[in-house]
Amino acid sequence: MSKNYKYDICIVGGFGHVGLPLGIVFADKGLKVLLNDVDSKKAEVINSAVLPFIEYGADEILKKVIANKTLTTSLKKEDLKDSKVVMLAIGTPVDEYLNPKTRQFLEVIKGFKDFISEDQLVVIRSTVFPNTAEQIKLILGENHKVAYCPERIVQGYSVKELNELPQVVAGLSKEAEDEATELFSKLSPKIIKTSIGEAELVKLFSNAWRYIQFATTNQFYMICENYGVDYNKVREAMVEGYGRNANLPTAGFAAGPCLLKDTMQLSAFNGNNFMLGHSAMLINEGLPNFIVDQLRKKYSLKNKKIGILGMAFKADIDDIRDSLSYKLGKILRFYGADILYSDEFACDPTFISAEEMLKQAEVIIIGVPHTKYESLKFPKETELIDLWNII
Ligand SMILES: NC(=O)c1ccc[n+]([C@@H]2O[C@H](COP(=O)([O-])OP(=O)(O)OC[C@H]3O[C@@H](n4cnc5c(N)ncnc54)[C@H](O)[C@@H]3O)[C@@H](O)[C@H]2O)c1
């Protein structure tokens, strides 16, 4: 018989980019949500009803759910036992050799074993290496209910997307699938049921596909640059009135904590046999080098004042995780350039304002297309490298 729980959902990794907005949205639907995490600094911020990072549309809801106590925080793993659903949203990184750190993830789960019973539903929300759900069940016990319901939002826009996107739901048992379906039906307009293996690949393929699309457009950009043709004009002519090309993205840095990482997880899963994924990595990670090489063909970079405008990994957010702007800066500095960094959202005492960069830099490279940059007036004498085509 199901016991009465203090919370409907406990999100482990609840202060993160996936866990926090998800918790806020569930709490807004009236569920009692506990965010569990290990980061005491973020706990203070969230408890004072402030978002620790940009999440559009979440501020007001956070204030409301903190005030009415449908959303609370915890730093103790013992609290997991008080929740009907335990949702796992902690990070699933790859190591410096691009191997998934699956064991690290599973070790964390082992630490929760004493606080999760067979009556509770365990939902994996993190993007995991295939077969992780079965491994979790092995750790917890044969009769535990485990489901995989991957997160597919675009960072910064969870509140909108969680209410709009179909949710893929997979369970290791019918009971787990039914309970996870009931839970996500409170958010999503549509539930897509799959097997666990299918759900794992839906998520990894989605990120690899996006990463390969960016690599394709970045390779086209490099071909055009070498040929002396404006890629933005080529691309515009390709997509205009021609639906088959409509989803060709602009060139730009394909960075952040997910796309490369998940492409490499997929490669590791397939015995390192994922040529397309590896090629995409070489192209996307090679783009900063390409930009620097193009500049070096024109002049020496020694003491050249070069500004990188936009340090976040994605437009209009404040997250710098795995941003290629830093890699670009590092390579430029290696050739003796004097580097200036600026960002509209990410805070760093060494950054300067966009206006100051416009005054100081001889060359400006758009690192990420924050909306504000579209309206900047770049001095005529400044060389502008805008592979995103925002100006
Ligand atoms: N960021 C995205 O847009 C996005 C989108 C889809 C899927 N994902 C996946 O979701 C997962 C989480 O990503 P994220 O961007 O939210 O990461 P994140 O680093 O922002 O959040 C992870 C949180 O987990 C906490 N944590 C770490 N160890 C813990 C432990 N032992 N107990 C409790 N909390 C712990 C951290 O303090 C942090 O707050 C990853 O698997 C990622 O690939 C991310």
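Just so it is clear, the model here is predicted, and its values are computed rather than measured.

The rules we used
- Residues numbered from 1 in each chain as written.
- Predicted model: local features only at pLDDT ≥ 70, side-chain atom pairs only at ≥ 80, totals over all residues.
- Heavy atoms only, no water.
- Helix = DSSP H or I, 4+ residues; strand = E, 2+ residues; numbered from the N terminus.
- Rg over C-alpha atoms; globule rule 2.2 N^0.38 Å.
- Buried < 20%, exposed > 50% of the residue type's maximum accessible area, 1.4 Å probe, protein only.
- Contact = heavy atoms within 4.5 Å.
- Patch = residues over 30% accessible without salt bridge, like charges linked within 9 Å, V, L, I, M, F, W, Y side chains within 5 Å.
- Areas by Shrake-Rupley, 256 points an atom, 1.4 Å probe, with all protein chains shown as cover.
- Salt bridge = Lys/Arg side-chain N within 4 Å of Asp/Glu carboxyl O.
- Lys, Arg positive; Asp, Glu negative; His and termini not counted.
- Charge placed at Lys NZ, Arg CZ, Asp CG, Glu CD.
- Near = heavy atom within 4 Å.
- Polar contact = N/O pair within 3.5 Å; in protein donor to acceptor, adjacent residues only side chain to side chain.
- Nonpolar A, V, L, I, M, F, W, Y, C, P; charged D, E, K, R; others polar.
- Domains from an automatic or database assignment.
- 1 Å grid on protein atoms, 1.4 Å probe; cavity = no way out; pocket = protein on both sides within 12 Å on 5 of 7 lines; lining within 4 Å.
- Points joined across faces, edges and corners; volume = space filled by probe spheres on them.
- Pairing = 2+ DSSP bridges.
- Axes fitted to C-alpha atoms, helices over the stretch in contact; angles between N-to-C directions.
- Core = buried A, V, L, I, M, F, W, Y, C linked by side-chain atoms within 4.5 Å.

## Overview of the overall build of the protein chain
Of regular secondary structure, the protein chain possesses 13 helices and 12 strands. Its C-alpha atoms give the protein chain a radius of gyration of 23 Å, near enough to 21 Å, the size a compact globule of 391 residues would have. Along the first, second and third principal axes, the C-alpha set of the protein chain runs to 75 × 45 × 40 Å. By the burial criterion, 53% of the 391 residues in the protein chain qualify as buried. For the protein chain, the share of sequence-separated contacts (at least 6 apart) that also reach a separation of at least 24 residues comes to 71%.

## A word on a negative patch on the surface
On the surface, Glu225, Asp230, Glu236 and Glu240 cluster together into a negatively charged patch. With respect to the helices and strands, Glu240 occurs in the loop between α9 (231-239) and α10 (259-269).

## Quick word on unusual backbone geometry
Residues apart from glycine generally show negative phi values, whereas peptide bonds are mostly found in trans. The residue Asn272 is not glycine, and still its phi comes out positive at about 60 degrees. Its location among the elements puts Asn272 in the loop between α10 and α11 (275-298). With relative accessibility at 54%, the residue Asn272 sits in the exposed group. One non-glycine residue, Asp322, lies in the positive phi region at around 55 degrees.

## Let's talk about the pattern of salt bridges
In this structure the tally under the stated criterion is 19 salt bridges. Between Arg296 and Asp293 there is a salt bridge whose closest N-O contact spans 3.7 Å. Residue Arg296 and its partner Asp293 are located together in helix α11, separated by 3 residues, close to a single helical turn. Of the charged contacts in the structure, one is a salt bridge between Lys298 and Glu383, with a shortest N-O distance of 2.5 Å. Here Lys298 is found in helix α11, whereas its partner Glu383 is found in strand β12 (residues 383-385), with 85 residues between them in sequence. Judged by its relative accessible area of 22%, Glu383 falls in the partly exposed class.

## Overview of the site of the ligand
Around the ligand lies a shell of 25 residues, among which His17, Asp37, Thr92, Gln155 and Lys261 are the nearest. Within the side chain of Lys42, an N or O atom sits 3.2 Å from an oxygen atom of the ligand. Here a nitrogen atom of the ligand and a side-chain polar atom of Gln155 are 2.8 Å apart. Coverage of the ligand by the protein chains reaches 84% of its 830 Å² of free accessible surface. Across the shell around the ligand, the residue classes tally to 9 nonpolar, 9 polar and 7 charged. Inspection of the shell around the ligand shows a minimum of three residues originating in each of domain 1 (7-194) and domain 2 (202-385).

## Focus: the layout of surface pockets
In this model, the second largest pocket occupies a volume close to 370 Å³. Considering the residues around the second largest pocket, the lining is formed by 19 residues, among which Tyr221, Glu225, Leu384, Ile385 and Asp386 are closest to the centre. By residue number, the principal contributor to the lining of the second largest pocket is α11, which donates 5 residues. Of the residues that constitute the lining of the second largest pocket, the class distribution is 9 nonpolar, 3 polar and 7 charged.

## Some points on the sheet that holds strand β1 (residues 7-12)
Within the open sheet, the 8 strands sit side by side as β3-β2-β1-β4-β5-β6-β7-β8. Their pairing is mixed. Looking along the sheet, the strands with just one partner apiece sit at the ends: β3 (71-74) and β8 (191-193). Mean inter-strand twist for the sheet, computed between neighbouring axes without regard to direction, equals 25 degrees. Two elements, strand β2 (residues 33-36) and β3, share 4 bridges in a ladder whose sense is parallel. Each residue of the ladder has a partner; that of Val33, found in β3, is Leu71. Relative to strand β7 (residues 167-171), helix α8 (residues 196-227) is tilted by about 145 degrees, and along the sheet it contacts β6 (145-148) and β7.

## Section: the nonpolar core
When a protein is soluble and globular, its nonpolar side chains tend to lie buried together. By size, the foremost hydrophobic cluster in this structure holds 61 residues, and its most contacted members are Tyr221, Leu295, Ile306, Leu309, Leu332 and Ile365. Of all the elements in the fold, those that place two or more residues in this core are α8, α10, α11, β9 (305-309), α12 (324-334), β10 (338-342), α13 (354-360) and β11 (363-366). Filtering out sequence-adjacent residues up to four positions away, Ile306 remains in contact with Leu295, Leu301, Leu332, Ala337, Asp338, Ile339, Leu340, Val363 and Ile365. The next biggest cluster of nonpolar side chains, apart from the first, holds 39 residues, and it includes Ile9, Ala89, Val169 and Phe184.

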